[in-house]
Amino acid sequence: MRRLATQNSLVIGQCNDSLLRQYLTQVGFILPATSTDDFWVATTRQHRHESKATPIEPEAIIIGAGMAGCAMANQLAERGWQIKLIDTQADIASQASGNHVGLCHPTLSRDDNFQARLSRAGFAATQQKLKLLTQQGIEILFGADGHLQLAKDSTAAALMQTISAEQPHLAQMVRWLDRQQCQTQLAIDCEFGGWWFPEGIWANPYSICKGYISQYAHLIDLQLNTHVDQIKLIDQHWHLYDAEQQLIAKSKMLILASANDATRLIPEAELPLSASLRSVSKVWSGDLPASTFSLSGLSYLTPALAGWRCAGASRVDTQHPQYAEQQNLDDLSQLIGTTVVTSKSIETRLCFRPNSSDRLPLAGQIPERNTISRSVDQLFQIPRQSGLYGLLGLGARGMTWHVLIAEMLACQLNQEPLPIERSLVAAIDPARFALRELRKVVHGLQKECRKPSN
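Residues numbered from 1 in each chain as written. Predicted model: local features only at pLDDT ≥ 70, side-chain atom pairs only at ≥ 80, totals over all residues. Heavy atoms only, no water.

## Description of the overall build of the chain
In terms of helices and strands, the chain carries eleven helices and 23 strands. Along the first, second and third principal axes, the C-alpha set of the chain runs to 90 × 55 × 45 Å. Residues counted as buried form 53% of the 454 residues belonging to the chain. In the chain, the proportion of contacts linking residues at least 24 apart, taken out of those at least 6 apart, comes to 71%. For the chain, the exposed area adds up to about 21,600 Å²; of that, 49% sits on carbon and sulfur atoms. Across the chain, the mean location of the 41 positive side-chain charges is 5 Å away from that of the 42 negative side-chain charges. (Helix = DSSP H or I, 4+ residues; strand = E, 2+ residues; numbered from the N terminus. Buried < 20%, exposed > 50% of the residue type's maximum accessible area, 1.4 Å probe, protein only. Contact = heavy atoms within 4.5 Å. Areas by Shrake-Rupley, 256 points an atom, 1.4 Å probe, with all protein chains shown as cover. Lys, Arg positive; Asp, Glu negative; His and termini not counted. Charge placed at Lys NZ, Arg CZ, Asp CG, Glu CD.)

Dropping the structure here:
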């Protein structure tokens, strides 16, 4: 009942059972004094913590110059904000966004879950953004040559066929192809068939990040080779310090887009972020069967850019990182159905992939966990850290949804209508993990309420 209640809800009850009154009071209802009346009316006690505030000055600091940070800088600069974009590395897109080629396509689920809905909207947003930048004369290395997601086994194939049959409205976005159709239409021999995304995108992440910055170069101040050792909130301004405790910059608005490094800067937020070490190998296109589209299954293979295709991204055994390249080649051989024989040296890159515990990104205002009341049942009740936001945990689908969530966060900061529905905004809210924990707390009550006697 408490979770369903809104700010002006009323609960009408009968009898004055003391245990029932105790239960209702402890979860936040306000009851009248005990009386002999047959009925009573309780009201709700809501503590609304606004997660958005119009900034006095439209300016912000963003830590992290990968796809998330560069997209965030771009979306705010589009609205006239002055941005200082800071990164530890010597160049942009140097960590998780540093692969030669990345892939972008939607994902599907039978229940059309949050990942599916977010990836579908994200794919459309990325597609639109890349086309717009190109039309404005900004060089982005990308193509929309299609993507084939192979079924891993017969069970997966049956599920993929079922999803396609149950969601015919997605026919323009994705089609199921059986083995014969894959051979006929795509010249690919696969045992179980797969999903064909005719507009699947490949792109060079570095060119995307460079395009985001160059589009609004007069509003985005890029500061590289700058390690932020500590952040402090002083007089409503976030102060950034280096290892020698020298002030780097300060602003009322700070956005963390630095992947798993955010947990170092704000450990008190207890964000469930992790990083898995992955490897991606650049393979000379002449050593592989000719195709212009991308493949995925147990591994993936990108189209060629400047003669090189990317294969990966196998999890790296940190005890034996030297085997990562061979693992990628073995997985690639299994993916394309033939042993890969290379004529040119392979370049293998190791990088950490930022993940969240529920495989969804974190986008929104950072919660203030130290001051959270134990009678919290809804996101808007959770207090937030003033002027501190995150754009984190993009995982394996960063290219698919980075534009959309950066746009969503920019709309929040500018108090504009949001580009996605409220349930999706809640699904990626950084405070969702704190809310789940608090909802598990029984507030010292028994799990079952004794039924009041008449």
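## So, the packing of aromatic side chains
Taken as a whole and assessed by the stated rule, the structure comprises two aromatic pairs. Ring plane angle 85° and centroid distance 5.4 Å describe the contact between Trp196 and Phe293, whose orientation is recorded as edge-to-face. Here Trp196, found in strand β10 (residues 194-197), pairs with Phe293, found in the loop between β17 (273-284) and β18 (294-296); they are 97 residues apart in sequence, far enough to count as distant. Phe293 matches Trp196 in its accessibility class, with the two residues each being buried. Its guanidinium or amino end placed over the ring of Tyr241, Lys232 lies 5.5 Å from that ring's centre, counting from NZ or CZ. (Phe/Tyr/Trp six-rings, centres within 6.5 Å; stacked < 30°, edge-to-face > 60°. Lys NZ or Arg CZ within 6 Å of the ring centre and 35° of its normal.)

## Structural notes on the pattern of salt bridges
On inspection of all chains with the given rule, the structure shows 15 salt bridges. One salt bridge in this structure joins Asp112 and Arg120, with 3.0 Å as the shortest N-O distance. When its relative accessible area of 25% is taken as the criterion, Asp112 is described as partly exposed. One salt bridge in this structure joins Asp358 and Arg432, with 2.8 Å as the shortest N-O distance. Residue Asp358 is located in the loop between β21 (347-356) and β22 (362-367), and its partner Arg432 is located in helix α11 (residues 432-440); the two are separated by 74 residues in the primary sequence. (Salt bridge = Lys/Arg side-chain N within 4 Å of Asp/Glu carboxyl O.)

## Remarks on helix α8 (residues 324-336)
With 13 residues, α8 ought to run about 18 Å at 1.5 Å a step, and its terminal C-alpha atoms sit 19 Å apart, in line with that. Here α8 has its buried residues at Ala324, Asn328, Leu329, Asp331, Leu332, Ser333, Leu335 and Ile336. Residues of α8 that are buried make contact with β8 (147-150), β17, β18, β19 (300-301), β20 (308-315) and β21. Where α8 ends, the next residue or the one after it, Gly337, has phi of about 80°, a positive value. (Expected span 1.5 Å × (residues − 1).)

## Some remarks on the packing of helix α6 (residues 205-215) against helix α9 (residues 398-413)
Between α6 and α9, the least distance of the axes is 12 Å, while the angle of their chain directions is 15°. Comparing their axes, α9 and α6 come out roughly parallel. Between α6 and α9 the crossing geometry is right-handed. Residue-level inspection shows Pro205, Ile208 and Tyr212 of α6 in contact with α9, the latter providing Met399, His402 and Val403. Here the contact of α6 with α9 is built from residues that sort into five nonpolar, one polar and no charged. (Axes fitted to C-alpha atoms, helices over the stretch in contact; angles between N-to-C directions. Parallel < 35°, antiparallel > 145°, perpendicular 65-115°, else oblique. Left-handed = near helix turned anticlockwise from the far one by under 90°. Nonpolar A, V, L, I, M, F, W, Y, C, P; charged D, E, K, R; others polar.)

## Some details on the state of the cysteines
Per the stated rule, a full pass over the model turns up zero disulfides. In this model Cys70 remains outside any disulfide bridge; the closest cysteine sulfur is found in Cys209, 4.0 Å from its own. What makes Cys70 buried here is its relative accessible area of 0%. (Disulfide = S-S within 2.5 Å.)

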